[in-house]
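Close look at the chain arrangement
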Amino acid sequence: MLRPLRLLLSGLQTQPSRCCSSFVSRMRYVNRLKEDDEACTAALKDGSIFLFHRLSPLLRCTDVGTFSPATLTCSDVQSVLQRLGSDGSSLKEAVLIGCSEQNQAQFCLDVGELDQAAVEEASQGTFIDLRKAFFLLPAAEAPLVSKGQALLRWHQSTRFCGASGQPTQRNRAGSQRFCRSSSTVYYPKMSAVAVALVSDGKRCLLGRQPSFPRGLYSALAGFCDMGETLEEALCREVAEEVGLEIQSISYSSSQHWPFPHSSFMLGCHALVSPAHTQLCVDCSELEDARWFTVDEITRALQVKPRRGDPPILWLPPKHALANRLIREWVEQQWQSKGGA
Ligand SMILES: NC(=O)C1=CN([C@@H]2O[C@H](COP(=O)(O)OP(=O)(O)OC[C@H]3O[C@@H](n4cnc5c(N)ncnc54)[C@H](O)[C@@H]3O)[C@@H](O)[C@H]2O)C=CC1
Ligand SMILES: [Mg+2]
């Protein structure tokens with residue numbers, strides 16, 4: 001079958017184009033690799049690969065005691081696989097995750113079929129559960145690793161078509177799966193979650209679930225229902241969880257959150273009327289919810305939690321969107337105090 005001219009031309013190009021800004025060319029390059037299997041195969045040969053073992057990423061400890069994701073070249077991975085007696089065919093399972101600022105395509109690969117300790121020894125790294133690894137990594141590197149894990153998990157759980165029950169096939173980049181029998185195309189999925197830092201103008205509202213570590217309070221959050229807007233989801237969640245009606249919703253920022261599975265977190269600030277701040281907590285959802293003053297929050301932001309010694313109030317870690325919302329609120333409170 002004749003391939004479209006666009007794909008033939010793009011197949012010749014195995015590096016990002018230099019005609020536009022480096023960001024634009026990288027984005028277009030990654031998009032092209034998703035569409036063109038041959039270009040993607042070529043990009044893998046020159047690309048970097050992040051290894052996972054049963055969804056735990058391979059990290060390396062630097063000389064100064066910090067952690068970074070172990071970045072291997074394709075030939076590094078080939079020699080690790082050969083040393084462990086694998087024929088290297090599992091490289092076909094690598095999934096495209098992006099393109100580095102050095103214009104190198106980035107892939108992830110789960111080698112869960114191999115002996116974990118042997119791969120660690122051969123690749124000079126350690127596989128660490130993402131719940132720990134995510135917080136050990138610098139904030140700039142954690143999202144790439146969590147994206148890799150999310151894509152690998154999605155492939156593992158979408159092997160069969162929900163309509164026909166037949167096996168699905170992936171494209172080279174791993175950006176979609178296809179069922180020949182039902183002609184269904186599957187794309188990676190994530191659940192939308194609305195998270196709000198609610199304030200009454202002077203205090204902010206935080207809640208805790210029974211599963212949270214002792215002392216931890218966070219912004220209120222909930223999965224968006226089908227058909228809801230972000231605003232509707234926030235109003236419903238806050239009403240359900242603490243019995244309040246919010247207004248003046250303003251969007252802040254978003255993040256991909258890998259726990260427990262892929263969520264697309266949409267973070268907002270919201271207000272309640274100072275006359276209606278009485279909480280009616282739904283104990284089936286939250287163990288507790290409380291109003292906190294800016295002084296309490298400022299103190300809590302300065303506390304470094306130590307193992308076995310939880311402070312009275314412990315806030316979400318820096319990598320979490322809720323932490324960002326809390327910091328934005330504190331900054332805005334101090335600014336308005338300074339301006340008053
Ligand atoms: N990154 C961050 O800063 C924050 C992240 N989160 C994350 O947001 C997520 C949602 O927060 P929750 O308060 O637990 O949500 P929630 O208040 O909606 O309660 C969770 C319950 O919602 C139901 N549910 C509805 N749709 C679901 C879906 N697509 N997937 C799973 N469960 C669904 C389930 O019964 C589940 O037990 C959590 O996974 C949490 O880790 C929460 C707060 C801050
Ligand atoms: Mg909730």
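The preceding data block contains the structure.
To start, this report covers the structure provided alongside it. Small disclaimer: the values here were computed from a predicted structure and weren't measured.

Some remarks on the overall build of the protein
A count of helical and extended segments in the protein gives 10 helices and 16 strands. Each of the three principal axes of the protein carries a C-alpha extent, and together these read 70 × 45 × 45 Å. Across the 340 residues that make up the protein, the buried fraction comes to 46%. Pairs at least 24 apart in sequence give 64% of the contacts found in the protein among residues at least 6 apart. Within the structure as shown, the protein displays about 18,400 Å² of accessible surface, and the carbon and sulfur contribution to it stands at 53%.

Notes on the site of ligand 1
The local shell around ligand 1 holds 18 residues, among which Gln209, Phe223, Glu241, Gln255 and Ala322 are the closest. Separating a nitrogen atom of ligand 1 from a side-chain N or O atom of Gln255 is a distance of 2.8 Å. Note that an oxygen atom of ligand 1 is positioned 3.3 Å from one of the backbone N or O atoms of Phe259. Considered on its own, ligand 1 offers 850 Å² of accessible surface; in the complex 61% of this is hidden by protein. Elements supplying a minimum of two residues to the shell around ligand 1: strand E11 (191-199), strand E13 (220-223), helix H8 (230-242), strand E14 (247-257) and helix H10 (321-339). Ranked by residues supplied to the shell around ligand 1, first place goes to E13 with three residues. Residues of the shell around ligand 1, tallied by class, amount to 10 nonpolar, five polar and three charged.

Focus on the nonpolar core
Judged by nonpolar contacts, the single largest core of 39 residues is most densely connected at Leu197, Leu206, Ile297, Leu313, Leu315 and Trp329. Elements with a contribution of two residues or more to this core: strand E1 (48-53), strand E5 (95-99), helix H6 (130-136), helix H7 (142-157), E11, strand E12 (203-208), helix H9 (294-302) and H10. The biggest single contributor to this core is H10, with six residues. Counting residues domain by domain, this core receives three or more from each of domain 1 (47-157) and domain 2 (191-339). Counting residues in each nonpolar core, the second largest holds 29 residues, with Leu44, Val80, Leu91 and Leu96 among its members.

Quick word on the coordination of the magnesium ion (ligand 2)
Coordination of the magnesium ion (ligand 2) by the protein involves Ala221 (O) and Glu241 (OE), with metal-donor separations of 2.1 to 2.2 Å. Taken as a pair, Ala221 in strand E13 and Glu241 in helix H8 lie far apart in primary sequence, 20 residues in all. In this structure Ala221 comes out as partly exposed when scored by relative accessible area, which is 28%. Glu241 sits in the buried class, given a relative accessible area of 4%.

Observations regarding H7
Given a rise of 1.5 Å per residue, 16 residues ought to cover 22 Å, and the 23 Å separating the end C-alpha atoms of H7 matches this to within 8%. Looking only at H7, the buried set comprises Ala142, Val145, Ser146, Gly148, Gln149, Ala150, Leu151, Leu152, Trp154 and His155.

Let's talk about the pairing of E1
Taken residue by residue, a regular strand's side chains alternate between the two faces of the sheet. Across the six residues that make up E1, a large majority, six, are buried. Residues of E1 alternate between two faces, with Ser48, Phe50 and Phe52 on one and Ile49, Leu51 and His53 on the opposite face, all of them buried. One ladder, built from five bridges, connects E1 with strand E6 (residues 105-110); its direction is parallel. Bridging across to E6, Ile49 finds its partner in Phe107. When E1 meets strand E4 (residues 71-73), the two strands line up antiparallel, connected through three bridges. Within E4, the position partnered with Ser48 by the bridge is Thr73. The sheet contact formed by E1 and strand E2 (residues 56-61) spans two bridges and is antiparallel. Residue pairing for E2: His53 is matched across the bridge by Ser56. Linking two consecutive strands that pair antiparallel, namely E1 and E2, is a turn of two residues; a positive phi of about 45° is found at Arg54 within it.

How each quantity is defined
- Residues numbered from 1 in each chain as written.
- Chains lettered and ligands numbered in written order.
- Predicted model: local features only at pLDDT ≥ 70, side-chain atom pairs only at ≥ 80, totals over all residues.
- Heavy atoms only, no water.
- Helix = DSSP H or I, 4+ residues; strand = E, 2+ residues; numbered from the N terminus.
- Buried < 20%, exposed > 50% of the residue type's maximum accessible area, 1.4 Å probe, protein only.
- Contact = heavy atoms within 4.5 Å.
- Areas by Shrake-Rupley, 256 points an atom, 1.4 Å probe, with all protein chains shown as cover.
- Near = heavy atom within 4 Å.
- Polar contact = N/O pair within 3.5 Å; in protein donor to acceptor, adjacent residues only side chain to side chain.
- Nonpolar A, V, L, I, M, F, W, Y, C, P; charged D, E, K, R; others polar.
- Core = buried A, V, L, I, M, F, W, Y, C linked by side-chain atoms within 4.5 Å.
- Domains from an automatic or database assignment.
- Donors = N, O, S within 2.8 Å, 3.2 Å for Na, K, Ca; no water.
- Expected span 1.5 Å × (residues − 1).
- Pairing = 2+ DSSP bridges.

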